[in-house]
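# Fold and contact review
Here are the chains, one letter per residue:
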Amino acid sequence: VQRPAGAQLPRYVRVNTLKTTVEDVVDYLKRDGFAYLGQASRLEDLTLKVKYFVKDMHLPELLVFSSKTDFHEHFLYKAGHIILQDKASCLPAYLLNPPPGSHVIDGCAAPGNKSSHLAAVMENKGKLFAFDLDAKRLATMSTLLLRAGVTCQQLANQDFLKVDPDSPQYKDVEYILLDPSCSGSGMVCLRDDASSADQEKIQARLASLASFQLRCLNHGLKFPRLKRLVYSTCSVHSQENEKVVAACLEQNPGFRLVPLLSQWPERGLEPLTQCLRASTAKTRTHGFFVALLEKHSENGNKKQ
Ligand code: SAM
């Protein structure tokens, strides 16, 4: 089966509200020769001709362009006013929605697009503790956050699984974003049709990734004041998605899933339909999965 190439996905641009507004970016681009068609209302509206753009129908700070658009040399990108980020990858920070002033952890953070989005949601107020094992990726992240005008971060080249949830510095952490290493099977450009001889290797790798992802999730839920944790992968495999979340919920009965965006066109696989999936066919994005877990309120099952 011939799959649509990555080059055919729309180009998504997240407006960095730490530096500018959606209105200002729209005006700038109109003056720069782009034609603005207003807000999209259907999936088909996201397939655009060159030089046309729309506002996304699900995410308020997202602009959508033709697959042939490249902003890497554009002033707005170089100045950190816009971030080039796939639509699906904007979901985690948007859904976690930590209020300004809150303390937040991004456990597997580099190269940092989701951290920069979190900082924008927090309006740079509060604390964003960001961890990554890979020093090189963390250095790239530092540059990216500087360009984006992020100032509330504290970066650490550290294994998230070894971060002590009972350390006094994390005592006010109420929100966690976890986007751990995954197979990347949702990335359109990485997809290939493996021969059956490779299947055994692939299954072993998936099992090892899933076990790491579950450990990350279980670890995140140990932070004493945690209210909400968002989990995401760019994998299409249920082993890394619904199965990890289901195992985690079974092991942590004090947490439950939050039903996400009723208007989103693709849900998690049964029975985890509170979660979201994304794909080229249904959402015009890379393949992606998001789950939002929240702690039960102390007096019964009411939502906070
Ligand atoms: N959230 C990032 C973003 O939006 O730019 C992408 C994260 S990427 C999917 C996963 C990251 O997890 C990698 O940078 C990898 O180095 C890091 N990682 C893997 N194991 C880790 C661990 N035990 N602790 C912290 N980071 C880890």
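Look up: the structure comes first, before these words.
This section reports on the structure supplied with the text. Given the structure is predicted, the values throughout are model-derived calculations rather than measurements. (Residues numbered from 1 in each chain as written. Predicted model: local features only at pLDDT ≥ 70, side-chain atom pairs only at ≥ 80, totals over all residues. Heavy atoms only, no water.)

### Describing the nonpolar core
One finds Leu 46, Leu 91, Leu 96 and Leu 118 to be the most contacted residues of the largest nonpolar core, which totals 44 residues. One finds Leu 229, Tyr 231, Leu 272 and Cys 275 within the second-largest nonpolar core, a separate group that totals 32 residues. (Core = buried A, V, L, I, M, F, W, Y, C linked by side-chain atoms within 4.5 Å. Buried < 20%, exposed > 50% of the residue type's maximum accessible area, 1.4 Å probe, protein only.)

### Digging into unusual backbone geometry
Pro 111 follows Ala 110 through a cis peptide bond whose omega is 5°. Tracing the chain through its elements places Pro 111 in the loop between β6 (103-106) and α4 (113-121). Along the chain, Glu 270 connects to Pro 271 via a cis peptide bond; the corresponding omega equals 0°. Looking at the element boundaries, Pro 271 is found in the loop between β11 (255-257) and β12 (276-278). You will see that Lys 51, though not glycine, has its phi angle at about 80°, which is positive. (Helix = DSSP H or I, 4+ residues; strand = E, 2+ residues; numbered from the N terminus.)

### A look at empty space enclosed by the protein
Taken as a whole and assessed by the stated rule, the structure comprises one cavity of 30 Å³ or more. Every residue along the wall of the largest cavity is listed here: Arg 14, Leu 59, Pro 60, Glu 61, Leu 62, Cys 90, Tyr 94 and His 117. Across the lining of the largest cavity, the residue classes tally to five nonpolar, one polar and two charged. (1 Å grid on protein atoms, 1.4 Å probe; cavity = no way out; pocket = protein on both sides within 12 Å on 5 of 7 lines; lining within 4 Å. Points joined across faces, edges and corners; volume = space filled by probe spheres on them. Nonpolar A, V, L, I, M, F, W, Y, C, P; charged D, E, K, R; others polar.)

### A look at the state of the cysteines
Within the structure shown, the criterion is met by zero disulfides. Unpaired in this structure, Cys 216 has its nearest cysteine sulfur neighbour in Cys 108, at a distance of 4.4 Å. Look at Cys 216 and you get buried, because its relative accessible area is 1%. The structure places no disulfide on Cys 248, whose sulfur is separated from the nearest cysteine sulfur, that of Cys 216, by 11 Å. Taking relative accessible area as the criterion, Cys 248 reaches 0% and is therefore assigned buried. (Disulfide = S-S within 2.5 Å.)

### Re the pattern of salt bridges
Evaluation of the coordinates by the stated rule reveals 13 salt bridges. For Asp 45, the salt bridge is made with Arg 42, and the minimal N-O distance between the two is 3.2 Å. Residue classification places Arg 42 among the partly exposed positions, given a relative accessible area of 47%. Between Asp 56 and Lys 87 there is a salt bridge, with its nearest N and O atoms 2.7 Å apart. With Asp 56 in the loop between β3 (52-55) and β4 (62-65) and Lys 87 in the loop between β5 (82-84) and α3 (91-96), this pair connects stretches of sequence that are 31 residues apart. (Salt bridge = Lys/Arg side-chain N within 4 Å of Asp/Glu carboxyl O.)

### Digging into the sheet that holds β5
Read from one edge to the other, the open sheet built from five strands follows the order β2-β3-β4-β1-β5, with strand pairing classed as mixed. Since the sheet does not close on itself, it has two edges, and those belong to β2 (35-39) and β5, each with one partner. On average, each strand axis in the sheet is tilted by 30° relative to the strand beside it, whichever way the strands run. As defined by bridge partners, β2 adjoins β3 across three bridges and the pair is classed as parallel. Each residue of the ladder has a partner; that of Tyr 36, found in β3, is Phe 53. (Pairing = 2+ DSSP bridges. Axes fitted to C-alpha atoms, helices over the stretch in contact; angles between N-to-C directions.)

### A word on the site of the ligand
The full set close to the ligand counts 19 residues, and Asp 132, Arg 137, Asp 159, Phe 160 and Asp 179 are the nearest of them. Take Pro 111: an N or O atom from its main chain is 3.4 Å from an oxygen atom of the ligand. Within the backbone of Asn 113, a nitrogen or oxygen atom sits 3.2 Å from an oxygen atom of the ligand. If the ligand stood free it would expose 610 Å²; the protein chains cover 88% of that surface. Taken together, the residues of the shell around the ligand break down into eight nonpolar, five polar and six charged. (Near = heavy atom within 4 Å. Polar contact = N/O pair within 3.5 Å; in protein donor to acceptor, adjacent residues only side chain to side chain. Areas by Shrake-Rupley, 256 points an atom, 1.4 Å probe, with all protein chains shown as cover.)

### So, helix α7 (residues 242-251)
Where α7 is concerned, the buried positions are Glu 242, Val 244, Val 245, Cys 248 and Leu 249. Looking straight down α7, one finds its buried side chains confined to an arc of 160°; they lie on one side. Looking at α7, the residues exposed on the side facing more than 90 degrees away from the buried face are Lys 243 and Glu 250. Those residues of α7 that are buried are in contact with α6 (199-220), β10 (228-233), β11, β12 and β13 (288-295). (Arc of directions from axis to C-beta. Contact = heavy atoms within 4.5 Å.)

### Remarks on the packing of α6 against α7
Two elements in contact, α6 and α7, have axes separated by 10 Å at closest approach and are oriented at 40°. Classified by the angle their axes make, α6 and α7 are oblique. For the pair α6 and α7, the sense of crossing is right-handed. Along the contact surface, α6 presents Ala 210, Gln 213, Leu 214, Leu 217 and Asn 218, while α7 presents Val 244, Val 245, Ala 247, Cys 248 and Gln 251. When its residues are assigned to classes, the contact of α6 with α7 shows seven nonpolar, three polar and no charged. (Parallel < 35°, antiparallel > 145°, perpendicular 65-115°, else oblique. Left-handed = near helix turned anticlockwise from the far one by under 90°.)

Honestly, it's all geometry; don't read function into it.
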